[in-house]
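# Coordinate inspection notes
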Amino acid sequence: MNHTRIQRRPAVPHQLPADLHPVLQRILSSRGLLSVEQLDYALNKLVAPQQLKGITAAVDLLVQALEAQWRILIVADFDADGATSCAVGVRALRAMGAARVDYLVPDRIKHGYGLTPAIVQLAAPLQAQLLITVDNGIASFSGVQAAKTAGMRVLVTDHHLPGRELPAADAIVNPNQIGDSFPSKHLAGVGVIFYLMMALRARLRERGWFHPQRPQPNLANLLDLVALGTVADVVPLDYNNRILVAQGLARMRSQAACAGIQALIKVAGRDPEQLVSSDLAFYLGPRLNAAGRMENMSYGIECLLNDDLQSAQVQAEELDALNQERRFVEDDMKAEAKAILQRLQIDSQDQLPFGLCLYEENWHQGVIGILASRVKDQWHRPVIVFTLNTENPQEIKGSARSVAGVHIRDVLDAIATAHPDMVTKFGGHAMAAGLSLPKAHLPAFQQAFDAQVRRHLSADDLQGVIHSDGELTAAEFNLEFAELLRNFAPWGQHFPEPLFDGRFVLVEKRLLKDRHLKLLLKPIDSELLVEAIAFNTQDTDWSPHARQLQLAYRLEVNLFRSSKTLQLRIEHLAVVG
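Quick summary incoming for the structure in this document. (Residues numbered from 1 in each chain as written. Predicted model: local features only at pLDDT ≥ 70, side-chain atom pairs only at ≥ 80, totals over all residues. Heavy atoms only, no water.)

### Quick notes on the packing of helix H3 (residues 80-95) against helix H10 (residues 277-294)
Relative orientation of the contacting elements H3 and H10 amounts to 85°, with a least axis distance of 8 Å. As judged from the angle between their axes, H3 and H10 are roughly perpendicular. In this structure, H3 uses Ala80, Ala83 and Thr84 to contact H10, whose residues at the interface are Gly285, Leu288 and Asn289. Among the residues forming the contact of H3 with H10, the class breakdown is three nonpolar, three polar and no charged. (Axes fitted to C-alpha atoms, helices over the stretch in contact; angles between N-to-C directions. Helix = DSSP H or I, 4+ residues; strand = E, 2+ residues; numbered from the N terminus. Parallel < 35°, antiparallel > 145°, perpendicular 65-115°, else oblique. Contact = heavy atoms within 4.5 Å. Nonpolar A, V, L, I, M, F, W, Y, C, P; charged D, E, K, R; others polar.)

Written out as structure tokens, the structure is:
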């Protein structure tokens, strides 16, 4: 049986303002925000770019490229962080006077991830003199070497964790390099390139580069792209990242976003004036990611580089159609994964491996990461989903997702160290990674992965834990308080949206679209009626006499046809009476 328990966050001493709502005091302090200073999301509170290791050498290289008007080629990743990083780099460099800057994005299936020798071959006919990687490159040893051999300069910007050695690039900017004193280690790839562009602008300003015919650009205009990439890449929203996201959201709400983001907001059916970080995570991000998953991320990048609202809308609609296709593929893969799990688990989850690997040769390479995330959420353990490398039938590609307590890249590194020939290549960070290995090595890898994960997790750790901010009083079930919570901060990874728990009386229930449970509830000891919804939940196993429910839920502002109502969005539900 799949067990989940609710655990309330402990109270934490703080120095937050006394006039701040007491529930908000409780929420913020439990997330490590202990003083009023970290509620200030002004741009001047950002960490200075000069603290990034390698930033001086990188700026030197870019100044040389601008002054000599080199051909610059940005090599992007094929996810939303890579696409927004590319758009920031192209837009900023063009605004600062680069006349010959373009981009290249690998095809997920044909080329694989990052700067590879194959990408260098594609770059050669473009006569690129400087390659800039965004959201990739820190593990591109052979690609960097191939570019250098071909006479190109290479500037690596990345945020993924580096290995023991670094590629022989001309300059590297990555806050996770050894010896880097930059305090915010959780910048997304788009944050790294944005910081580099800020440092470049400062240097150019010192050199008198800008003049009336080449005015200094306002790089804050790119913060909509920075916010989208940061949230979509699910990096921890530390204080520095929350500033970037808050500023980007402010531009989107005032409809000052680029045409591509405005079009994505429209096609996703969101109200720009009401936009919050979860809209970026669950509505805009997936539509942008769909290009890299189902076709080629150049579709998404072109949308983000477009300045014409009308044509950007057409491009956004194409991305929306790709996202619909991705959903259909994902549903089929989830059904197949469920069948595989049923064969594996026999009678209970106790017989599942601690580190779970699933393989199906026909699964779509662009969707295995989503499937790994879904299975991980259901079974509360690290998961790697593999599929066949269609470019090399003797090799399989995997996408890994992890849980708290297991640094997935370190696990893969330990396996590669203990079994040098088992894994062809791997890379990533604490919670997500990608890898390739010979198909014949899968059974041995499954055993090695499970053994490594067991070094970090106990059987008790495999129970799902929902961290709650406690109970609410009946007086706190109101629209005004829900809006206060919704708009108070950019909620996200490691700074989660408030979640509460409590017991409720069931008044009414009905099924929406045969898959979502709509409820009318009363808090215990109150006559207040509250609407609630539990997505992808049914009541088929409930007793007909069910009257009381234990819930973990979020207070939600339900926007429908310009009207707002209070609604509980249920994250966990148990019949208790």
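### Some remarks on the pairing of strand E2 (residues 72-75)
Both faces of E2 are covered, namely the face carrying Ile72 and Ile74 and the face carrying Leu73 and Val75. Here E2 pairs with strand E3 (residues 101-104) via four bridges, running parallel. The partner of Val75 across the bridge, within E3, is Leu104. For the segment spanning E2, H3 and E3, crossover handedness is right-handed. Judged from the four bridges that link them, E2 and strand E4 (residues 130-134) form a sheet pairing that is parallel. Paired with Val75 across the strands is Thr133, a residue of E4. (Buried < 20%, exposed > 50% of the residue type's maximum accessible area, 1.4 Å probe, protein only. Pairing = 2+ DSSP bridges. Right-handed = clockwise from strand over helix to strand, strands pointing away.)

### Quick word on the packing of aromatic side chains
Under the counting rule described, the total for this entry stands at 10 aromatic pairs. When the centroid spacing of 5.8 Å and the interplanar angle of 85° are considered together, the rings of Phe386 and Phe445 count as edge-to-face. A residue pair is termed long-range when its members are at least 10 positions apart, and Phe386 in strand E8 (residues 383-388) and Phe445 in helix H15 (residues 442-454) qualify at 59 residues. For the pair shown, Phe386 and Phe445 are each scored as buried. Considering the side-chain rings of Trp491 and Phe495, the 5.2 Å spacing of their centres and the 15° angle between planes classify their relative orientation as stacked. In this structure, Trp491 and Phe495 share a single accessibility class: buried. In this structure an aromatic cluster arises from ring pairing among Phe477, Phe500, Phe504 and Tyr553. A cation sits over an aromatic face here: Arg270 above Tyr283, 3.8 Å from the ring centre. (Phe/Tyr/Trp six-rings, centres within 6.5 Å; stacked < 30°, edge-to-face > 60°. Lys NZ or Arg CZ within 6 Å of the ring centre and 35° of its normal.)

### Here's the deal with the packing of helix H2 (residues 55-67) against helix H6 (residues 189-206)
Running from amino to carboxyl end, H2 crosses H6 at an angle of 65°, the nearest separation of the two axes being 9 Å. For the element pair H2 and H6, the recorded crossing hand is right-handed. Across the interface between the two elements, Ile55, Thr56, Ala58, Val59, Asp60, Leu62, Val63 and Leu66 from H2 touch Tyr195, Leu196, Met197, Ala199, Leu200, Arg203 and Leu204 from H6. Of the residues that constitute the contact of H2 with H6, the class distribution is 12 nonpolar, one polar and two charged. (Left-handed = near helix turned anticlockwise from the far one by under 90°.)

### Regarding the pattern of salt bridges
In this structure the tally under the stated criterion is 28 salt bridges. Note that Arg164 and Asp413 form a salt bridge whose closest N and O atoms lie 3.3 Å from each other. Here the residue Arg164 occupies a position in the loop between strand E5 (153-157) and strand E6 (171-173), and Asp413 occupies one in helix H14 (residues 408-418), the gap between them amounting to 249 residues. Given a relative accessible area of 69%, Arg164 falls into the exposed group. The salt bridge involving Asp450 is made with Arg454; its shortest N-O contact spans 2.9 Å. On the criterion of helical spacing, the pair formed by Asp450 and Arg454 is a turn pair, its members being four residues apart in helix H15. A residue is classified by how much of its surface remains accessible, and Asp450, at 14% relative accessible area, is buried. (Salt bridge = Lys/Arg side-chain N within 4 Å of Asp/Glu carboxyl O.)

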